[in-house]
Amino acid sequence: MKTIIISDLHNRVDFVELVLLSPVLIPYDNVIFLGDYFDDYNDTLEDAANSAEWLKKSIYKPNRIHLMGTHDVWYRFTGNSFVSASGNTEWKANIINDILT
């Protein structure tokens, strides 16, 4: 059984899909994502929306397991200063939570 473990995407969701199609990795049985899907230096509303749309689709793929990282938890529990990370902003929280209901 071959499992791929990926962490710290920070909005590089298009890149990760290309990587997972690589003949070097295929075939594999499972992919485990360790979180930190969001937040990058100088990211935009479009970056956050693109990552949220990717995550919304990716969580339904049967061979994928998604965990939340430090940059993701606050978006589900906004306003909790104990789980905030650098890069967390209200404007990104709004778009992420509109997509990931």
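Just so it is clear, the structure is predicted and the values come from calculations on it, not from any experiment.

Let us now look at the sheet that holds strand β3 (residues 64–66). Spatial ordering of the open sheet is given by β1-β2-β3, a layout of 3 strands whose pairing is parallel. If you trace the sheet from one side to the other, it starts and ends with β1 (3–6) and β3, each paired once. Ignoring strand direction, the axes of neighbouring strands in this sheet form an average angle of 15°. Sheet analysis places β1 next to strand β2 (residues 30–33), joined by 4 bridges and oriented parallel. Following the sheet pairing, Ile 5 is matched in β2 by Ile 32. Along the sheet, helix α2 (residues 45–58) makes contact with β2 and β3, crossing β3 at roughly 130°.

Counted under the stated rule, the structure contains 4 salt bridges. With a closest N to O distance of 3.4 Å, Arg 12 and Asp 40 form a salt bridge. One end of the pair, Arg 12, is in the loop between β1 and α1 (13–20); the other, Asp 40, is in the loop between β2 and α2, and 28 residues separate them in sequence. A relative accessible area of 41% places Arg 12 in the partly exposed class. For Asp 40, a relative accessible area of 29% puts it in the partly exposed group.

Moving on, we come to the packing of aromatic side chains. One pass over the full model with this rule turns up 4 aromatic pairs. Aromatic pair Trp 74 and Tyr 75: ring centres 5.5 Å apart, planes at 75°, arrangement edge-to-face. When its relative accessible area of 1% is taken as the criterion, Tyr 75 is described as buried. Clustering of aromatic rings is evident, with ring pairs tying together Phe 33, Tyr 37 and Trp 54.

The two faces of a sheet get side chains in turn, since along a regular strand they alternate between them. Of the two faces of β2, only the one carrying Val 31 and Phe 33 is buried; Asn 30 and Ile 32 on the other face are not. For the crossover that starts at β1, traverses α1 and ends in the parallel β2, the hand is right-handed. Alignment of β2 against β3, held across 3 bridges, turns out to be parallel. Bridge pairing in β3 links Val 31 to Arg 64. With respect to chirality, the unit in which β2 leads through α2 into the neighbouring parallel β3 is right-handed.

Attention now moves to unusual backbone geometry. The linkage connecting Ile 26 with the following residue, Pro 27, adopts the cis geometry, with an omega of 5°. Its location among the elements puts Pro 27 in the loop between α1 and β2. You will see that His 10, though not glycine, has its phi angle at about 40°, which is positive. Secondary-structure assignment places His 10 in the loop between β1 and α1. According to the relative accessible area criterion, His 10 is buried, its value standing at 14%. Its identity as a non-glycine residue notwithstanding, Asp 39 has a phi of 70°, on the positive side. Counting through the fold element by element, Asp 39 comes out in the loop between β2 and α2. Exposure remark for Asp 39: the relative accessible area of 3% places this residue in the buried category.

Scoring rules and cut-offs
- The written sequence of each chain sets the order in which its residues are numbered from 1.
- Residue-level local features of this predicted model are given only where pLDDT is at least 70; pairs of side-chain atoms are given and counted only at 80 or more, and the full residue set underlies all totals for whole chains, interfaces and linings.
- The side-chain numbers reported here are obtained from all heavy atoms of the structure, hydrogens and water having been left aside.
- Here, a strand pair is defined by DSSP locating no fewer than two bridges between the strands.
- A run of H or I in DSSP counts as a helix once it spans at least four residues, and a run of E counts as a strand once it spans at least two, with each numbered from the N terminus.
- Angles run from 0 to 180 degrees between N-to-C directions of axes, and those axes are lines fitted to C-alpha atoms, restricted for helices to the stretch in contact.
- Residue contacts are defined here by distance: any two heavy atoms, one from each residue, within 4.5 Å place the two residues in contact.
- Salt bridges are counted wherever a side-chain nitrogen of Lys or Arg sits within 4 Å of a carboxyl oxygen of Asp or Glu.
- Relative accessibility thresholds used throughout: buried, under 20% of the residue-type maximum; exposed, over 50%; partly exposed, between the two (1.4 Å probe, protein chains only).
- Under the pairing criterion, centres of Phe, Tyr and Trp rings, with the six-membered ring standing for Trp, must be within 6.5 Å; the plane angle then separates stacked pairs below 30 degrees from edge-to-face pairs above 60, leaving the rest tilted.
- Crossover handedness is defined by viewing with both strands directed away from the observer: a clockwise path from the first strand over the helix to the second marks the crossover as right-handed.

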